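# Residue-level structural notes
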Amino acid sequence: MKILLINGSPHETGSTYRSLVEAKNVLESEGAQCEIVWLSNKAVNDCIGCGACRKLDMKCVFDTDIVNEIIGKAKDADAFIFGSPVYYAHPSGRVLSVLDRVFYAGSKAFRHKPAAVITVARRAGTTASIDVLSKYITISQMPLVSSSYWCMTHGAKAEDVEADLEGLQTVRNMARNMAWMCRLIECGKENGITPPDNEYTNRTNFIR
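Since we're looking at a predicted model, the values are computed, not measured.

How each quantity is defined
- Residues numbered from 1 in each chain as written.
- Predicted model: local features only at pLDDT ≥ 70, side-chain atom pairs only at ≥ 80, totals over all residues.
- Heavy atoms only, no water.
- 1 Å grid on protein atoms, 1.4 Å probe; cavity = no way out; pocket = protein on both sides within 12 Å on 5 of 7 lines; lining within 4 Å.
- Points joined across faces, edges and corners; volume = space filled by probe spheres on them.
- Helix = DSSP H or I, 4+ residues; strand = E, 2+ residues; numbered from the N terminus.
- Nonpolar A, V, L, I, M, F, W, Y, C, P; charged D, E, K, R; others polar.
- Salt bridge = Lys/Arg side-chain N within 4 Å of Asp/Glu carboxyl O.
- Buried < 20%, exposed > 50% of the residue type's maximum accessible area, 1.4 Å probe, protein only.
- Lys, Arg positive; Asp, Glu negative; His and termini not counted.
- Polar contact = N/O pair within 3.5 Å; in protein donor to acceptor, adjacent residues only side chain to side chain.
- Contact = heavy atoms within 4.5 Å.
- Pairing = 2+ DSSP bridges.
- Right-handed = clockwise from strand over helix to strand, strands pointing away.

## Observations regarding the layout of surface pockets
Roughly 540 Å³ of volume is contained in the largest pocket. Residue lining of the largest pocket: 17 residues in total, with Phe103, Tyr104, Ala105, Ser107 and Arg111 positioned closest to the centre. With 5 residues, the single largest contributor to the lining of the largest pocket is helix H3 (residues 93-106). Taken together, the residues that form the lining of the largest pocket break down as 9 nonpolar, 3 polar and 5 charged. Estimated volume of the second largest pocket: approximately 240 Å³. Taken together, Met1, Asp78, Arg111, His112, Lys113, Pro114, Cys182, Arg183, Ile185, Glu186, Lys189 and Pro195 form the lining of the second largest pocket.

Shown next, in the form of structure tokens:
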């Protein structure tokens, strides 16, 4: 059971990282191998909709940042947690730019694998950010792992998150649910239950 956790904050060990560590600790206690990948604080390219990735076998044409590395790691992962701070009531621009390209170029590496979202704010915008990030999951045929509350913590810095006892509890419950779901999927595979072979041929434009 390999879990890839994405830290979408420009701060490597800030409040988003602290929240992801809470999930990582629980998952490792459940027997998972976990890796937290920091998106760094360096510039990342936006998706320009060029379509070149369709010819590159699950790679983005821009190879100067972390996107292709994440796609490579995603191929071997069994589940994912996407973490982001809240800026102006939405996820960080960094995580959105990366996920736009990661999912457009490498969607097959994520398909039918469980995923969850953690958002972190000083005060507000967490639920709106959860909604945005969850859309990457639900359009990619990935089971969305829930918790006992929306998976969010509050704090301007890592030490503040320590005081959000319910937030950390929610993260831990999500992690337990994720481990459980991964075991169910593995059990299914062992008994011949495989993901469906879905249809992809029909595309209807709203304007003709």
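Further notes follow.
## Quick look at the pattern of salt bridges
As enumerated under the stated definition, the model contains 9 salt bridges in all. Note that Lys24 and Glu28 form a salt bridge whose closest N and O atoms lie 3.0 Å from each other. On the criterion of helical spacing, the pair formed by Lys24 and Glu28 is a turn pair, its members being 4 residues apart in helix H1 (residues 15-29). The salt bridge involving Lys135 is made with Asp131; its shortest N-O contact spans 2.9 Å. Linking Lys135 with Asp131, this pair stays in helix H4 (residues 126-138), spanning 4 residues, or about one helical turn. Here Lys135 falls in the partly exposed class, since its relative accessible area comes to 47%. Here Asp131 falls in the partly exposed class, since its relative accessible area comes to 43%. Through salt bridges with shared partners, a single network forms among Arg18, Glu22, Glu162 and Arg172.

## A closer look at the side chain of Lys113
Looking at the element boundaries, Lys113 is found in the loop between H3 and strand S5 (115-121). Buried charge without a partner: Lys113 forms no salt bridge, and the closest opposite charge is Asp78, 6.1 Å away. One polar contact links the side chain of Lys113 to the main-chain carbonyl oxygen of Lys75, over a distance of 3.4 Å. Leave out the neighbours within four places in its chain, and Lys113 touches Ala74, Lys75, Ala77, Asp78, Phe80, Met142 and Pro143.

## Some thoughts on the pairing of strand S1 (residues 2-7)
Within S1, 5 of the 6 residues are buried, which leaves the element mostly enclosed by the surrounding structure. In terms of strand pairing, S1 meets strand S2 (residues 33-38) through 6 bridges, oriented parallel. Opposite Asn7, over in S2, you have Trp38 as the bridge partner. What joins S1 to S2 is H1, and the crossover it makes is right-handed.

## Let's talk about the environment of Ile71
Inspection of the secondary structure assignment puts Ile71 in helix H2 (residues 67-76). In the structure, Ile71 is positioned 18 residues away from Ala89 in sequence and 27 Å away in space, judged by C-alpha atoms.

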